[in-house]
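Next come the chains, spelled out residue by residue.
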Amino acid sequence: VWDATSEVPKHMTTVPADPKIIANEGRLMPVTCLDACPLSGLLAVGHEGGTVRVYQFSTTPQSVRKVSLDGGSSMPYDTQIDQNPGWQYILTHALHAGQRITAVCLSSRERAMAVGDDAGHVSIVDLNVPDIKTEYCIDARSTSPSAVIDIRFAALETGECAVFCLCEDGTLEVLKYSADAESRQ
């Protein structure tokens, strides 16, 4: 992370604070998108290989529970890792393996993360549990699905939440979301 507000950019910190934490996961793929939530102190980073990594900011070293969601198993698995102060690695989301992550959005209100990829797939992760709550394929009937280029949470007047997915072909998909039930309109 760099501070680009001055004439000469200044290196502030590395994400994660201790790169050895991810060393056993193999080569990192290029970053394709990210979202930061100042209210929760979370940072979500999308990668070209279909993985999203989530980090939490802490000013102190601590033992952190890191959860891995891969979509292939019915249960997430986790490990305890001692991590340095700074951006601490807390979650891997690999449901979109093989696709380029094109959009990611964190919602502190919903305590959730929405992820979109270049094949038009959308997943929503409940960060409380954590668990993959929803998987969608935007226009699954199409032979050439459109990439999700932006994704946002929005509160509805009814108290529900919507996830807006803007696609490369100009379409806008609206998905209703709650931690208890999901529906597509």
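Summarised in this report is the structure supplied together with it.

Calculation notes
Residues numbered from 1 in each chain as written. Predicted model: local features only at pLDDT ≥ 70, side-chain atom pairs only at ≥ 80, totals over all residues. Heavy atoms only, no water. Helix = DSSP H or I, 4+ residues; strand = E, 2+ residues; numbered from the N terminus. Buried < 20%, exposed > 50% of the residue type's maximum accessible area, 1.4 Å probe, protein only. Contact = heavy atoms within 4.5 Å. Areas by Shrake-Rupley, 256 points an atom, 1.4 Å probe, with all protein chains shown as cover. Phe/Tyr/Trp six-rings, centres within 6.5 Å; stacked < 30°, edge-to-face > 60°. Salt bridge = Lys/Arg side-chain N within 4 Å of Asp/Glu carboxyl O. Pairing = 2+ DSSP bridges. Axes fitted to C-alpha atoms, helices over the stretch in contact; angles between N-to-C directions. Disulfide = S-S within 2.5 Å. Core = buried A, V, L, I, M, F, W, Y, C linked by side-chain atoms within 4.5 Å.

1. A look at the overall build of the protein chain
When its secondary structure is counted, the protein chain shows zero helices and 16 strands. By residue count, 42% of the 185 residues in the protein chain fall in the buried class. Contacts in the protein chain between residues at least 24 apart in sequence constitute 49% of all its contacts with a sequence separation of at least 6. Of the accessible surface of the protein chain, which amounts to about 9800 Å², a share of 51% is contributed by carbon and sulfur atoms.

2. A closer look at unusual backbone geometry
If you check the backbone angles, Arg111 has positive phi at about 50 degrees while not being a glycine. Counting through the fold element by element, Arg111 comes out in the loop between β9 (101–107) and β10 (112–117). A relative accessible area of 31% places Arg111 in the partly exposed class.

3. What to know about the environment of Val174
Within the secondary structure, Val174 is located in strand β15 (residues 172–177). On the basis of relative accessible area, Val174 is assigned to the partly exposed category, the value being 22%. For the pair Val174 and Val163, spaced eleven residues apart in sequence, the C-alpha to C-alpha distance is 5.7 Å.

4. Quick notes on the packing of aromatic side chains
Describing an aromatic ring pair means giving the distance of the ring centres and the angle of the ring planes. For the structure shown, the criterion picks out three aromatic pairs. Each ring, one from Phe57 and one from Trp87, has its centre 5.2 Å from the other, and the planes form 65 degrees; the classification is edge-to-face. Placement of Phe57 in strand β5 (residues 52–58) and of Trp87 in strand β8 (residues 86–93) is noted, with a sequence separation of 30 residues between them. Given the relative accessible area of 15%, Trp87 is considered buried. Taken together, a centroid distance of 6.3 Å and an interplanar angle of 70 degrees make the contact between Phe153 and Tyr177 edge-to-face. A residue pair is termed long-range when its members are at least 10 positions apart, and Phe153 in strand β13 (residues 148–155) and Tyr177 in strand β15 qualify at 24 residues. Residue classification places Phe153 among the buried residues on the basis of a relative accessible area of 15%. Tyr177 sits in the buried class, given a relative accessible area of 2%.

5. Side note on the pattern of salt bridges
In total, this model carries three salt bridges according to the counting rule given. Ionic pairing is found between Asp150 and Arg152, a salt bridge with its closest N-O pair at 3.3 Å. Where Lys176 meets Glu160, a salt bridge forms, and the shortest distance between an N and an O atom there is 3.6 Å. Separated by 16 residues along the polypeptide, Lys176 in strand β15 and Glu160 in the loop between β13 and β14 (161–167) bring together distant segments of the chain. When its relative accessible area of 34% is taken as the criterion, Glu160 is described as partly exposed.

6. Quick look at the sheet that holds β8
Spatially, β3-β4-β5-β8-β6-β7 is the arrangement adopted by the six strands of the open sheet, whose pairing is mixed. The open sheet terminates on both sides in strands that have one partner only, identified here as β3 (31–37) and β7 (77–83). With strand direction ignored, the average angle separating the axes of adjacent strands in the sheet is 25 degrees.

7. With respect to the state of the cysteines
Tallying each qualifying case throughout the model produces zero disulfides. Of the cysteine sulfurs around Cys165, a residue in no disulfide, the closest is that of Cys167, at 6.5 Å. Accessibility expressed as a relative area gives 0% for Cys165, which makes it buried. Look at Cys167 and you get buried, because its relative accessible area is 1%.

8. Observations regarding the nonpolar core
Membership of the largest hydrophobic core comes to 19 residues, with the highest contact counts inside it found for Ala44, Val52, Val54, Leu91, Val104, Leu106 and Met113. Going through the elements one at a time, β3, β4 (42–47), β5, β6 (62–69), β8, β9 and β10 are the ones with two or more residues in this core. Sequence-distant contacts of Leu91, defined by excluding residues within four places in its chain, comprise Val52, Arg53, Val54, Lys66, Val67, Leu69, Met113 and Pro130. By size, the runner-up hydrophobic cluster in this structure holds 17 residues, among which are Ala103, Val122, Cys161 and Leu175.

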